[in-house]
Amino acid sequence: MSTALRITLGVCFILSGVMKAVNVYSFAQEIRLYIEAYMDTYFVQWTVEIAVAICAVEMITGMLALRKRYEPIVTMVFLALMSFFVWLTGINLFYPSLMGSIESCGCFGELIHFSPLASFVKSVVLWLLSVGYLVLGDRSLVMGVSGVIKRFVSDWNVYVTCCVGALPAMYSYLCFENMEHGVYLAGYISLCICVLISVVFAYVYRK
């Protein structure tokens, strides 16, 4: 059961990261709306960088989730991210700004749009899956997290995964506004196919 939850969450995070990174600048605009409505406006100047970081973190976390050996780290990241998203979508739904609720959370980029209610429900469902993963996962690994962190930091596969997972967002950041749309999209699809191959490889040869 824990394996099913881990794979489900991992796939959701990968899809979310890929879809948002198609146009990281559009996602940055969604982030700007949330920051202006509910957070410190100091962070507005960093919206594009925050968008790139979120896409990369989701991709990397989803890819690491395909290997059980990273379970303690992935468990905590899943729960932390989903707790934040539940809070953000919840405050947008139940305590909107004077301008009203933000209509789209940008969770899956421009391809899939959620209403404020649907965004909150989706976040709660994924949060519950994260809690279930924490409860049903290998508790001994979670308790021995200090040793896991040391192995995590010294594992070169982690750094390869970080580089591969960050590629779609970085490609969008560097090329979206500097390339013809058709050429950019062809390059992005090709890049995502390469990432998909690496994801499949990681799953097949997971340890």
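Scoring rules and cut-offs
Residues numbered from 1 in each chain as written. Predicted model: local features only at pLDDT ≥ 70, side-chain atom pairs only at ≥ 80, totals over all residues. Heavy atoms only, no water. Salt bridge = Lys/Arg side-chain N within 4 Å of Asp/Glu carboxyl O. Helix = DSSP H or I, 4+ residues; strand = E, 2+ residues; numbered from the N terminus. Buried < 20%, exposed > 50% of the residue type's maximum accessible area, 1.4 Å probe, protein only. Core = buried A, V, L, I, M, F, W, Y, C linked by side-chain atoms within 4.5 Å. Contact = heavy atoms within 4.5 Å. Phe/Tyr/Trp six-rings, centres within 6.5 Å; stacked < 30°, edge-to-face > 60°. Lys NZ or Arg CZ within 6 Å of the ring centre and 35° of its normal.

Participant: Any details on the pattern of salt bridges? Residues and values, ideally.
Facilitator: Enumeration according to the criterion identifies three salt bridges in this entry. Between E58 and K20 there is a salt bridge, with the nearest N and O atoms lying 2.7 Å from each other. With a gap of 38 residues between them, E58 in helix α3 (residues 47-64) and K20 in helix α1 (residues 2-21) connect regions that are remote in the sequence. With a shortest N-O distance of 2.8 Å, K68 and E71 are connected by a salt bridge. For K68, a relative accessible area of 33% gives the class partly exposed. Owing to a relative accessible area of 1%, E71 belongs among the buried residues under this scheme.

Participant: Lay out the nonpolar core with the relevant residues and their values.
Facilitator: Judged by nonpolar contacts, the single largest core of 19 residues is most densely connected at V24, A51, C55, Y171 and Y188. Of all the secondary structure elements, the ones that give two or more residues to this core are α2 (24-38), α3, α8 (156-175) and α9 (181-204). Of the residues forming this core, the biggest block, six residues, is contributed by α2. With residues up to four places along the chain from it excluded, the contact list for Y188 reads V18, A21, V22, P168 and Y171. Core analysis: the second largest hydrophobic core is formed by 16 residues, F13, M82, L126 and F152 among them.

Participant: Report on the environment of G106, specifying residues and quantitative values.
Facilitator: Tracing the chain through its elements places G106 in the loop between α4 (71-94) and α5 (116-136). Considering only alpha carbons, one finds G106 and K20, 86 residues apart in sequence, at a separation of 7.2 Å. Setting aside its immediate chain neighbours within four residues, G106 contacts K20, F27 and E30.

Participant: Explain the packing of aromatic side chains to me, using residue names and the numbers behind them.
Facilitator: Enumeration over the complete set of coordinates arrives at 13 aromatic pairs. Each ring, one from F84 and one from W87, has its centre 5.8 Å from the other, and the planes form 35°; the classification is tilted. Of the two residues, F84 and W87 both sit in helix α4, three residues apart, roughly one turn of that helix. Relative accessible area serves as the criterion here: at 38%, F84 is assigned to the partly exposed category. Through a chain of ring-to-ring contacts, three or more aromatic side chains come together here, namely Y25, Y171, Y173, F176, Y184 and Y188. It is K20 that lies over the ring of F27; its NZ or CZ is 5.2 Å from the centre.

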